[in-house]
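# Coordinates in review
The primary structure of each chain is shown beneath.
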Amino acid sequence: MLLGWESFQFQRHQINVSKEQFFFQHYGLTHKDLERYLAAALSAGGEYADLYFEYLTSTALMVDESMLKSASQGISAGCGVRVVAGERTGYAYTDDLSPQRILHAARTAALIASGPAKTPVVGYQEKQARSLYPVTLPSVDAEITAKVELVMRADKAARARDPRIKEVRASYSDELRNILVVASDGTFAEDSQPLARLNVSCIAKTKDGVSGRGNAGGGGRVALDFFFGEKNPEHFAKEAARQAILQLDAREAPAGEMEVVLGPGWPGVLLHEAVGHGLEADFNRKKTSAFAGLVGRRVASEKCTVVDNGTLPWRRGSLNVDDEGEPTQHTTLIEKGTLKGYLSDKLSARLMGIADTGNGRRESYEHIPMPRMTNTYMLPGDDDPQDIIRSVKHGVYAVNFGGGQVDITNGKFVFSASEAYLIEDGQITAPIKGATLIGNGPDVLTRVSMVGNDLRLDEGVGTCGKDGQAVPVGVGIPTIKIDRLTVGGTAKKEAGSFMQ
Amino acid sequence: MTDSTLEAQSPKLETDLKEIAADVVRRAMAGGATAAEAVVREGDEFSALVRLGQIETLKESGSKAIGVRVFFGQSAASTYSSDFSREGIECMVKSALELAKVTSEDPYGGIPEPSQLGSLPGDLDLYYEDVYSLPGAERIDYARRAEKAALDFDPRIKNSEGGSFDAATGHKVLANSHGFVGEYRRSYCSVAAVPIAQSEDGGMQRDYWFSVARSLSRLEPAEQVGKIAAQRTVRRLGARKAKTAQVPIVFDPMVANSILDHIFEGVNGDSVYRGASFLAGKLGQKIAGDNVTVIDDGTMPGGFGTSPFDGEGVPTRRTVVIENGVLKSYLLNTYTAKKLGLQTTANASRGLAGTPGIGPGNYFLQPGTKTPQQIIAGIGEGLYVTEFLGHGVNLVTGDYSRGASGLWISGGELTFPVEEITVAGNLKQMFFNISELGNDLEFRGAMACPTIRIDGLTVGGE
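Calculation notes
Residues numbered from 1 in each chain as written. Chains lettered and ligands numbered in written order. Predicted model: local features only at pLDDT ≥ 70, side-chain atom pairs only at ≥ 80, totals over all residues. Heavy atoms only, no water. Helix = DSSP H or I, 4+ residues; strand = E, 2+ residues; numbered from the N terminus. Rg over C-alpha atoms; globule rule 2.2 N^0.38 Å. Buried < 20%, exposed > 50% of the residue type's maximum accessible area, 1.4 Å probe, protein only. Contact = heavy atoms within 4.5 Å. Areas by Shrake-Rupley, 256 points an atom, 1.4 Å probe, with all protein chains shown as cover. Buried area = accessible area lost by both parts, 1.4 Å probe. Salt bridge = Lys/Arg side-chain N within 4 Å of Asp/Glu carboxyl O. Polar contact = N/O pair within 3.5 Å; in protein donor to acceptor, adjacent residues only side chain to side chain. Nonpolar A, V, L, I, M, F, W, Y, C, P; charged D, E, K, R; others polar. Pairing = 2+ DSSP bridges. pLDDT = per-residue confidence, 0-100. Domains from an automatic or database assignment. Axes fitted to C-alpha atoms, helices over the stretch in contact; angles between N-to-C directions. Parallel < 35°, antiparallel > 145°, perpendicular 65-115°, else oblique. Left-handed = near helix turned anticlockwise from the far one by under 90°.

Each helix and strand in chain B was counted, giving 10 helices and 22 strands. Relative to a compact globule of 462 residues, whose C-alpha radius of gyration would be 23 Å, chain B shows 25 Å and is just as compact. Over its C-alpha atoms, taken along the principal directions, chain B stretches across nearly 70 × 60 × 40 Å. Residues counted as buried form 60% of the 462 residues belonging to chain B. Long-range pairs, those at least 24 residues apart, make up 73% of the contacts in chain B with a sequence separation of at least 6. About 17,200 Å² of surface is accessible on chain B, with carbon and sulfur atoms providing 50% of the total.

Put into structure tokens, the structure is as follows:
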């Protein structure tokens, strides 16, 4: 489908000029410039090249000790140039969007290839983009007073919950990322991606010096008015304070293998660590994932269907287009227990001969894109969450987590519970201290015996790190029961029944 | 301007970053600020990744950015930008001045006193141009040799995440309204290998090893890095779970580092004044066994945590954090020192935006006299941890629970590999229970710890 240089020149007039065209307006960028940059990128014989322009404005506010101690704003802009030749990738970037700097970056990236300039540029095809998060932010400055109000209200609400709440930190951060992706395969995509988050952390202390901490937050690709609705500062403050107070009475967590029930929502971090990363196509192309070669095989119980969905409106992990200009998708990873496929970017799709699922993401123009998750969650089942709790004789009910990590190659993953309870004879009893749960990705979901009807997505706090690149993601899960998982507590005698 | 005139300009346009930083401070003061501080950071990076003998990625770039922090009396705000045009800088300064109007007056806010400012004299041995001296092909060859040494080491090493060679230089300038203008350059290069081993039953294991140095001439041979990476990987094959038990645990230096890091976070002034640390209020008290002495030293020539001044322009120094188990000092910047009624320890770390945080100099646990083998030999049944997974540490309460893998110790020797287990306890007790310290202190970053043995922790497994 290579249409050649001439048709590129012709087709560019078909681009919908009603688009925002941020970089054309702000940097005087022209289509002729883009042609020159791509030609320079392919001048040493590369097969594919792309340009990623990024202009990011951000604001961050933090209240501590009831004072607005920190306020910052910033702008970063740049362009990354990638050239692919076979399995080789050359990459260079510039934070100066002048033509000679971009050309210099393009020629640097081009050096990965060695051969005569050969690949013509095809005509651009602007992808049919969705509008999952229509940007309504008028400007960063206009709303600063309202943003200050958010953090001050959060501080006040958290302190008002309980006299034992001694320290409160509330922070608000937002950004607006304008991107333009242009590639030698004809890709042309622009997007404006807002991202906002409000966070509250509390420390509770008793007179005897027992302390506890709580954390809550949320947001998404939303405008400021989001935080003046149901998910207001008081909502997050109440939740953070509740967790901190709860911890004051927590007893030691048990140690060893036992039944574990996960509550709905953020505990979906299990899926992100246990299966999500292992299904990213790059690891499977290189056969370094414990999931390599398992497509079509049973990797979970029949009750488990897991998807990655970048098309949910307003969600933190959603994108109209990924960072390679490809529209995001709703991809089924595991269907009724059977592994269906991987999450792919352009490079892995081409090298593996699979479809590009629109999961090519990067932290910024300084980074090479790679397969990443968007919003990863398990579809609801039929079980009543109360029945799930009642079915457990001795176990742990974990409802909040700090985060997790996975070793892709051996499949071992952890996720650390920050709020959890003992289940004894079908009843939720005492809160327990934070404990790490550890398991094996390719088989943990085979031990899921019950799946609740209460799917919930997280509040919008997740940031995923891979190869030093951080990207916002979402997770979700209904209440589920895992028949056997190792809990990393310290309790010895009183939890004797847990230690087989 | 036409394209041709733009093309004629040198892409390596040299600008005096000190002058730019001082100019930003002047503009902020002219705009009504009562104090101001500007930071400029410029850097270059190169990285090559070779996988199964073939180049996989090559990356080469440079960037620079500027940030400013302004005070109106005791209200502060900061802005940053990568736009060094006149308009870009004016806009950044103006935004900071505007933003400072919404923040609260904080009686402890401000930049350091003039008498506190300064820069260590002499050459701190931080910058070597030789990190970029190799031609491109030889840099790639470095990565290739590291990976090849790993692949050749053992037939069970059948795959790889690759070998890599990285180089970077950084140039940092800081200026403030007390007239301080300082700058320094640092260089860095590293070689690493990440091999994957496979056993007959198909189970895979991955591990890594690396060498890092400020000068290419000090980098360990690529072959040695690859060989150690391979040894670390192969010994994990066939790992199984361990039984839930309380046994002595030996931490190899890489994982022991993370425990030392928890002390760092615990003495971090920002956590201390908020009571968010399990070590808050413990100054002068015994918080660890007699054998525990922890030092932070930002002045060590050539160190990975060395700089002539900290993120606020205060000369770095050597601070004894813990001496024979007694907490002697927190690690502080100007703000947290004022909050606690103490003096800064010159540990301010400054990003482009926001208020300064706290960062380590060269931060380490004083080594003991036993070799790691001697420490292991003293244990009947125990665990040797070589890797942690996850971040299950609560610094407010000290509760500690992490995923782990390593080797089982039996009869004083390393026996079979173990994985999918947890290690749990509480930091407050752990530092009293460090029963052995190795003699193998080695800096592979700003923090370093020898092999240590800790008793009383719970291993969670089967």
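Back to the write-up after that little detour.
Right, let's get into the overall build of chain A. Of regular secondary structure, chain A possesses 11 helices and 24 strands. For chain A, the C-alpha radius of gyration of 25 Å lies close to 23 Å, the compact-globule estimate for 500 residues. In terms of principal-axis extent, the alpha carbons of chain A reach across some 75 × 55 × 35 Å. Taking contacts inside chain A between residues at least 6 apart in sequence as the whole, the part at least 24 apart equals 75%. Carbon and sulfur atoms make up 50% of the accessible area of chain A, which amounts to about 17,500 Å² in all.

A few words on the interface of chain B and chain A. On the side of chain A, 78 residues touch chain B, which itself brings 80 residues to the contact. Summing both sides of the interface, chain B and chain A together bury roughly 6,300 Å²; the carbon and sulfur share of this comes to 50%. Of all residues in chain B, the largest losses of buried area upon contact with chain A belong to R274, L389 and E420 of chain B, amounting jointly to 10% of the total for that side. On the surface where chain B and chain A come into contact, there are 8 salt bridges. As a salt-bridge pair, E419 of chain B and K412 of chain A come within 3.2 Å of each other at their nearest N and O atoms. The interface formed by chain B and chain A includes 39 residue pairs in polar contact (both at pLDDT 80 or more). For the side of chain B that touches chain A, the element with the highest residue contribution is strand β2 (residues 54–72) of chain B, accounting for 10 residues. Tallied by class, the residues present in the side of chain B that touches chain A amount to 25 nonpolar, 32 polar and 23 charged. With 3 bridges joining them, strand β3 (residues 88–94) of chain A and β2 of chain B adopt parallel strand pairing. Of the residues in β2 of chain B, the one forming a bridge with T89 of chain A is T57 of chain B.

On to the confidence of the model for chain A. Residue and element names in this part refer to chain A. Residues with a pLDDT of 70 or more make up 91% of chain A, whose mean pLDDT is 90. Low confidence marks residues 1–19, where pLDDT is under 50. Its contacts with residues over four positions away, or in another chain, come to 34 contacts. This model gives residues 493–500 a pLDDT under 50, and the stretch forms 15 contacts once residues within four places in sequence are excluded.

Residues and elements named next belong to chain A. With domains assigned, chain A is organised as domain 1 (4–247) and domain 2 (255–498). Averaged C-alpha coordinates put domain 1 and domain 2 at centres separated by 24 Å. On the side of domain 2, 42 residues touch domain 1, which itself brings 50 residues to the contact. Buried surface at the junction of domain 1 and domain 2, both sides included, amounts to about 3,700 Å², of which 51% is carbon and sulfur. When the buried surface of domain 1 facing domain 2 is broken down by residue, R130, L132 and R221 rank first, second and third, together holding 18% of it. Taken together, domain 1 and domain 2 are joined by 6 salt bridges. The closest approach of N and O atoms between K346 and D185, which form a salt bridge, is 2.9 Å. Between domain 1 and domain 2 we count 23 residue pairs in polar contact (both at pLDDT 80 or more) in total. Of all the secondary structure elements, the ones that give two or more residues to the side of domain 1 that touches domain 2 are β1 (48–64), β2 (67–85), β3, β5 (165–183), β6 (187–205), β7 (211–220) and α6 (233–247).

Let's shift gears to the side chain of T94 of chain A. All names here are of chain A. Mapping T94 onto the fold places it in strand β3. Judged by its relative accessible area of 6%, T94 falls in the buried class. Within polar-contact distance, the side chain of T94 engages the backbone nitrogen of D96 at 2.9 Å. Excluding its chain neighbours within four sequence positions, the residues that come into contact with T94 are A77, G78, C79, R101, I102, A105 and Y365.

Residue and element names in this part refer to chain B. Tracing the sequence through the fold places I249 in strand β9 (residues 249–251). Separated by 129 residues in sequence, I249 and G378 place their C-alpha atoms 11 Å apart. Apart from the residues within four sequence positions on either side, I249 is in contact with L383, V385, V423, I452, R453, I454, L457 and V459.

Moving on to the domain arrangement of chain B. Residue and element names in this part refer to chain B. By the assigned domains, chain B splits into domain 1 (3–231) and domain 2 (239–462). The C-alpha centroid of domain 2 is placed 25 Å from the C-alpha centroid of domain 1. Contact residues are listed per partner, giving 42 residues for domain 1 and 33 residues for domain 2. At the boundary of domain 1 with domain 2, total buried surface from both sides reaches about 3,300 Å², with 57% on carbon and sulfur atoms. Connecting domain 1 to domain 2 are 3 salt bridges.

Moving on to the pairing of β1 of chain A. Residues and elements named next belong to chain A. A large share of β1 lies buried, amounting to 16 of its 17 residues. The pairing of β1 with β2 spans 17 bridges and is classified as antiparallel. Looking across to β2, one finds that E54 is bridged to G78. Linking β1 to β2, which pair antiparallel, is a turn of 2 residues; within it E65 sits at a positive phi near 55°. For β1 and β5, the ladder comprises 15 bridges, and the chain directions are antiparallel. Counted as the bridge partner of Y52 is V181 from β5.

Moving on: the sheet that holds strand β10 (residues 330–335) of chain A. Residue and element names in this part refer to chain A. If you walk across this open sheet you meet the 6 strands as β11-β10-β9-β14-β23-β20, and the pairing is mixed. Only two strands of the sheet have a single partner each, and these edge strands are β11 (338–339) and β20 (456–457). Across 4 bridges, the pairing between strand β9 (residues 306–309) and β10 is antiparallel. Along β10, the bridge assignment pairs V307 with T332. Packing against the sheet, helix α7 (residues 269–276) makes contact with β9, β10, β14 (375–378) and β23 (474–477), and its axis sits at approximately 105° to β23.

All names here are of chain A. Buried residues dominate β3, accounting for 6 of its 7 residues. Bridge count for β2 against β3 is 7 bridges, and the pairing is antiparallel. In the strand pairing of β3, R82 is matched with Y91. Remark: 2 residues form the turn of the hairpin made by β2 and β3, two consecutive strands paired antiparallel; G86 in that turn has positive phi of roughly 65°.

On to the packing of helix α4 (residues 136–153) of chain B against helix α5 (residues 222–234) of chain B, then. Working note: a packed helix pair is described by the angle between its axes plus the distance between those axes. Residues and elements named next belong to chain B. The geometry of α4 relative to α5 is characterised by a closest axis approach of 7 Å and an angle of 40° between their N-to-C directions. By the criterion of interaxial angle, the relationship of α4 to α5 is oblique. When you trace α4 past α5, the crossing you get is right-handed. On the side of α4, the interface is formed by Y142, R145, A146, A149, A150 and F153, while α5 contributes A222, E223, G226, K227, A230 and Q231. Per-class residue counts for the contact of α4 with α5 are 7 nonpolar, 2 polar and 3 charged.

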